[in-house]
Each structure stands twice: as C-alpha cells, then as structure tokens.
Amino acid sequence: MLLALEGIAGAGKSTLRDRLLADAHGAHIALGHIGQFSWLSLPATRTLIGLRAGRPAADSDQALAAAHRDLLMQEVLAVLWVLMVVHLDAP
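For clarity, every value in this text was computed on a predicted model and none was experimentally measured.

What follows deals with the overall build of the chain. Within the chain one finds 3 helices and 0 strands. Starting at the N terminus and walking to the C terminus, you meet the elements of the chain as α-α-α. Relative to a compact globule of 91 residues, whose C-alpha radius of gyration would be 12 Å, the chain shows 16 Å and is clearly more extended. Expressed as lengths along the three principal axes of its C-alpha atoms, the size of the chain is roughly 50 × 40 × 20 Å. Going through the 91 residues of the chain one by one, you find that 13% of them count as buried. Sequence separation of at least 24 residues holds for 31% of the intrachain contacts in the chain that already meet a minimum separation of 6.

Spelled out as structure tokens, the structure:
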C-alpha cells in the first residue's frame, strides 16, 4: 500500500506521519516511509533530498533557493486545488 500525505506547510503532515509510524510500530506492523519533497521541481527535490541524506549543497544560496522553491510550489498547488474544488462545487 502507498499512502501519500499532501498539504501546505504547517498543515500537520509530519505530525500525522510520525503518529502513523509510531502506531504501526506499537502494533508490530512493518511500515516504512520515503521522505519526498516537492515533485513539482526536480532540481529543488534533488537538492533537498541530498541535504536530508547528509550531502551538502554547493552553497547556502542553493540550499535556501531549493527550500524556498519547494514551499512556493506546494502553496501554489494547494491554491490551485482549492480553486478547482470550489469551481467543481459551483452550481
């Protein structure tokens, strides 16, 4: 089974992930996770996954730009999603 947690920054994705992992561990259910950043920007994803794995970015500007782009793309996607839902629900 694959479960994807989506949401804007601060929505509680990491908190939910941590609770799911802890509950699964407590119930002796084998469960793992793959931390993936925004799939909307491959360069940002590569930089952030590298940082998470302990590989330094070329410089601090690259690391900050990747984090900024990732958050921006997530927020844009969330707004587009809300607009689509509102449009589909409109009479």
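We now examine helix α1 (residues 13-26). For α1, spanning 14 residues, the distance from its first C-alpha to its last is 20 Å, which sits close to the expected 20 Å at 1.5 Å a residue. Two residues or fewer past α1, His28 is found with a positive phi of approximately 60 degrees.

In this section: unusual backbone geometry. If you check the backbone angles, His28 has positive phi at about 60 degrees while not being a glycine. Judged by its relative accessible area of 74%, His28 is exposed.

Here the focus is the pattern of salt bridges. By the definition in use, this model includes 1 salt bridge. Linking Asp18 and Arg17 is a salt bridge whose minimum nitrogen-to-oxygen distance equals 2.8 Å. By relative accessible area, which is 41% here, Asp18 ends up partly exposed.

Quick look at the packing of helix α2 (residues 42-52) against helix α3 (residues 60-89) now. Axes are the key here: two packed helices are described by the angle between their axes and the distance separating the axes. Contact pair α2 / α3: the axes reach a minimum separation of 9 Å and the direction vectors enclose 115 degrees. Of the two elements, α2 crosses α3, and the hand of that crossing is left-handed. Counted together, Ala44, Thr47, Leu48 and Leu51 of α2 and Gln62, Ala63, Ala66, Ala67, Arg69 and Asp70 of α3 form the full contact between these two elements. Here the residues of the contact of α2 with α3 sort into 6 nonpolar, 2 polar and 2 charged.

Conventions and cut-offs
Residues numbered from 1 in each chain as written. Predicted model: local features only at pLDDT ≥ 70, side-chain atom pairs only at ≥ 80, totals over all residues. Heavy atoms only, no water. Helix = DSSP H or I, 4+ residues; strand = E, 2+ residues; numbered from the N terminus. Rg over C-alpha atoms; globule rule 2.2 N^0.38 Å. Buried < 20%, exposed > 50% of the residue type's maximum accessible area, 1.4 Å probe, protein only. Contact = heavy atoms within 4.5 Å. Expected span 1.5 Å × (residues − 1). Salt bridge = Lys/Arg side-chain N within 4 Å of Asp/Glu carboxyl O. Axes fitted to C-alpha atoms, helices over the stretch in contact; angles between N-to-C directions. Left-handed = near helix turned anticlockwise from the far one by under 90°. Nonpolar A, V, L, I, M, F, W, Y, C, P; charged D, E, K, R; others polar.

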